Amino acid sequence: YIEKVIAREIFDSRGNPTVEADVILSDGTMGRAAVPSGASTGEREAVELRDGGDRLQGKGVLKAVENVNTEINDALHGVDPLNQANVDQIMIDLDGTENKGRLGANAILGVSMANCRAAANYEGIPLYRYLGGTHAELPQSFHNVINGGKHADSGIDTQEFMISPVKKESFRDGIEKIANVYHTLKSVLAEKGYETGLGDEGGFAPRLSSTEEAIEMLVAAIKQAGYEPGEEIAIALDPASSEFYDHETGNYKFEGTEKTPDEMIKYYEGLVDKYPIISIEDPFGEDDWENYAKFTAAVGDKVQIVDDDLVVTNPAIVREAIKKGCGNAVLIKLNQIGTVSETLQTIRMAKKNGWTVMMSHRSGETGDTFIADFAVATESGEIKTGAMARSERVEKYNQLLRIEEELKNTAPVARFPHSVDFD
Ligand code: PGA
Ligand code: ZN
């Protein structure tokens, strides 16, 4: 049973405080997890509890830590760690709000993930096995190699320019190709006189003039590295358009002009026709359901449309998006909803309805590699966790390399009896 739950304040990749939690079992087994934090957050995300006041720019998480050490610790003492759904439900009930605003989603998620680890350690199996992985498929990776929007001061409105190895022999082969393109991109940018400093997710943050210029750089880098754009390495975008969406007018303040939703649709269609773009995330504002539906009807058969801020990993909102035909893929960020169990519910629902699932890091990360195991366990199909730089990003890919190696050396296993109920 769970003996004790402890949390502490640690720091994330942007130097901001975040929660780390330990779950200690009665036999001494321990599990530890750390919570990430976003910059371009969705309005309906679960609440990240911050202290306010003067200390650490008001971003301290000592209240969330205290909530773990007192209330959550008391509520979970003596509880069976192998029943993840129960552990999560106890915390949801204890919090008592719709958005985990009382105890903090950062407090609750830290414990939720740490409990999975403690349980996996107790059973002596890898986390991806414990989280439900049986055939355990490695995901297609998406790497944000040019950072804009809120993740850099590069001045580009589009937040993420990703590349993905669509043709590869193995996960490792895909990662090698991406590393080659990443290094080539650096010299392509440098040759043109651009800065090659990095943004929050490890991508370069050059002061390019437009989204289209950034895409041109990617195409050039892919070719120069010796790959066929589209055939071997494809491009994906996350404009994170809630950040330049005008709620009042319903228009988009994009690259120096004000664009109507119809103009945005045309603009995206133009990009998809011209470049090897396979996926666009958050093309419209987080309450612009109408244009999500319009855009999906227009190009949904040609390109993946990923819902992030629109649905915030919330099973109820994802259900609505599926019903309304808004998008055809869902981005999964554990801290948008706040427990492992609810995240699993979202993934299950998306898959059942034929949607693609993309596991995701946040722009503020830690060394925790939970999402790598989680992506394999749930066979999410896709993962985005940054460029081939900055350890908090690369460590997730490294964990996937380790898992791939392990899977090569083990026959498919039956579902472990106490595994988190995924299917
Ligand atoms: P965030 O951005 O982690 O800063 O919210 C990531 C994304 O928009 O996908
Ligand atoms: Zn996004």
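This text goes with the structure placed above it.
Every value quoted in this text rests on a predicted model; they were computed, and no experiment measured them.

Rules used in this analysis
Residues numbered from 1 in each chain as written. Chains lettered and ligands numbered in written order. Predicted model: local features only at pLDDT ≥ 70, side-chain atom pairs only at ≥ 80, totals over all residues. Heavy atoms only, no water. Salt bridge = Lys/Arg side-chain N within 4 Å of Asp/Glu carboxyl O. Helix = DSSP H or I, 4+ residues; strand = E, 2+ residues; numbered from the N terminus. Buried < 20%, exposed > 50% of the residue type's maximum accessible area, 1.4 Å probe, protein only. 1 Å grid on protein atoms, 1.4 Å probe; cavity = no way out; pocket = protein on both sides within 12 Å on 5 of 7 lines; lining within 4 Å. Points joined across faces, edges and corners; volume = space filled by probe spheres on them. Nonpolar A, V, L, I, M, F, W, Y, C, P; charged D, E, K, R; others polar. Near = heavy atom within 4 Å. Polar contact = N/O pair within 3.5 Å; in protein donor to acceptor, adjacent residues only side chain to side chain. Areas by Shrake-Rupley, 256 points an atom, 1.4 Å probe, with all protein chains shown as cover. Sits in = over half its atoms within 2 Å of the grid points. Donors = N, O, S within 2.8 Å, 3.2 Å for Na, K, Ca; no water. Pairing = 2+ DSSP bridges. Axes fitted to C-alpha atoms, helices over the stretch in contact; angles between N-to-C directions. Contact = heavy atoms within 4.5 Å. Phe/Tyr/Trp six-rings, centres within 6.5 Å; stacked < 30°, edge-to-face > 60°. Lys NZ or Arg CZ within 6 Å of the ring centre and 35° of its normal. Right-handed = clockwise from strand over helix to strand, strands pointing away. Parallel < 35°, antiparallel > 145°, perpendicular 65-115°, else oblique. Left-handed = near helix turned anticlockwise from the far one by under 90°.

Here the focus is the pattern of salt bridges. If the charged atoms of two oppositely charged side chains come close together, the side chains can form a pair. Taken as a whole, this structure holds 27 salt bridges when the rule is applied. Residue E342 is joined to K100 by a salt bridge in which the shortest nitrogen-to-oxygen separation is 2.9 Å. A residue pair is termed long-range when its members are at least 10 positions apart, and E342 in helix α11 (residues 340-352) and K100 in the loop between α2 (84-95) and α3 (105-123) qualify at 242 residues. For K100, a relative accessible area of 4% corresponds to the buried category.

Looking now at empty space enclosed by the protein. Remark: the empty space left among the atoms is shown by a probe the size of a water molecule rolled over them. A full pass over the atoms with the stated rule returns 3 cavities of 30 Å³ or more. Across the lining of the largest cavity, the residue classes break down as 7 nonpolar, 4 polar and 5 charged. Considered as a void within the structure, the second largest cavity measures approximately 70 Å³ in volume. In terms of lining, the second largest cavity is formed by 15 residues, of which the most central are S40, H151, E201, K333 and S363. Residues belonging to the lining of the second largest cavity are distributed by class as follows: 1 nonpolar, 7 polar and 7 charged.

This part is about the site of ligand 1. Neighbouring ligand 1 are 15 residues, the closest being A39, H151, R362, S363 and K384. S40 places a main-chain nitrogen or oxygen 3.0 Å from an oxygen atom of ligand 1. One nitrogen or oxygen atom from the side chain of D308 is found 3.1 Å from an oxygen atom belonging to ligand 1. Considered on its own, ligand 1 offers 280 Å² of accessible surface; in the complex 100% of this is hidden by protein. Spatially, ligand 1 is embedded in the second largest cavity.

Time to look at the coordination of the zinc ion (ligand 2). For the zinc ion (ligand 2), the full set of protein donor atoms is D238 (OD), E281 (OE) and D308 (OD), and the range of their distances to it is 2.0 to 2.3 Å. The motif formed by the donor residues of the zinc ion (ligand 2), counted along the single chain, is D-x42-E-x26-D. Of the two residues, E281 is situated in strand β9 (residues 277-281) and D308 in the loop between β10 (304-307) and α9 (315-324); the sequence distance between them amounts to 27 residues. There is no split in this pair, since E281 and D308 are both buried.

Another aspect to go through is the sheet that holds strand β6 (residues 233-238). Within a sheet, adjacent strands bond to each other through the backbone by hydrogen bonds, running parallel or antiparallel. Here 8 strands make up a closed barrel; going around it, the order is β4-β5-β6-β9-β10-β11-β12-β13 and the pairing mixed. With strand direction ignored, the average angle separating the axes of adjacent strands in the sheet is 25 degrees. Here 4 bridges tie strand β12 (residues 356-360) to strand β13 (residues 381-384), and the two strands are oriented parallel to one another. By the bridge assignment, M359 is partnered in β13 with I383. Contacts between helix α12 (residues 370-377) and the sheet are confined to β12 and β13, with β12 contributing the most and set at about 165 degrees to the helix.

It is worth spelling out the packing of aromatic side chains at this point. The relation between two aromatic rings is expressed through the spacing of the ring centres and the mutual angle of the planes. This structure, assessed with the given rule, holds 12 aromatic pairs. For the ring pair F244 and F254, a centre distance of 5.0 Å and an interplane angle of 40 degrees mean the geometry is tilted. One end of the pair, F244, is in the loop between β6 and β7 (252-254); the other, F254, is in strand β7, and 10 residues separate them in sequence. We note that F244, like F254, is buried. Ring geometry for F370 versus F374: centroids 5.6 Å apart, planes at 50 degrees, classification tilted. With F370 and F374 both in helix α12, this residue pair falls 4 residues apart, about one helical turn. For the residue pair F370 and F374, the accessibility class agrees, reading buried in each case. Of the aromatic side chains, those joined through ring pairs into one cluster are F244, Y245, Y252, F254, Y267, Y268, F284, Y292 and F295. The positively charged end of K259 is found above the aromatic ring belonging to Y267, 5.3 Å away from the centroid. Above the face of the W289 ring, K324 is positioned so that its terminal group lies 4.7 Å from the ring centre.

Turning our eyes to something else, we now look at the pairing of strand β11 (residues 329-332). The alternating pattern of β11 places A329 and L331 and V330 and I332 on opposite faces, both of which are buried. Judged from the 2 bridges that link them, β10 and β11 form a sheet pairing that is parallel. Looking across to β11, one finds that V306 is bridged to A329. Handedness of the crossover joining β10 and β11 through α9: right-handed.

Once that is clear, we can look at the packing of helix α1 (residues 62-76) against α2. Closest axis-to-axis distance for the α1/α2 pair is 10 Å, and the angle between their directions is 135 degrees. By the angle between their directions, the pair α1 and α2 is classed as oblique. As for the relative orientation of α1 and α2, their crossing is right-handed in sense. Taken together, the residues of α2 that come into contact with α1 (itself represented by E71, I72, A75 and L76) are V87, I90, M91 and L94. Looking at side-chain class alone, the contact of α1 with α2 contains 7 nonpolar, no polar and 1 charged residues.

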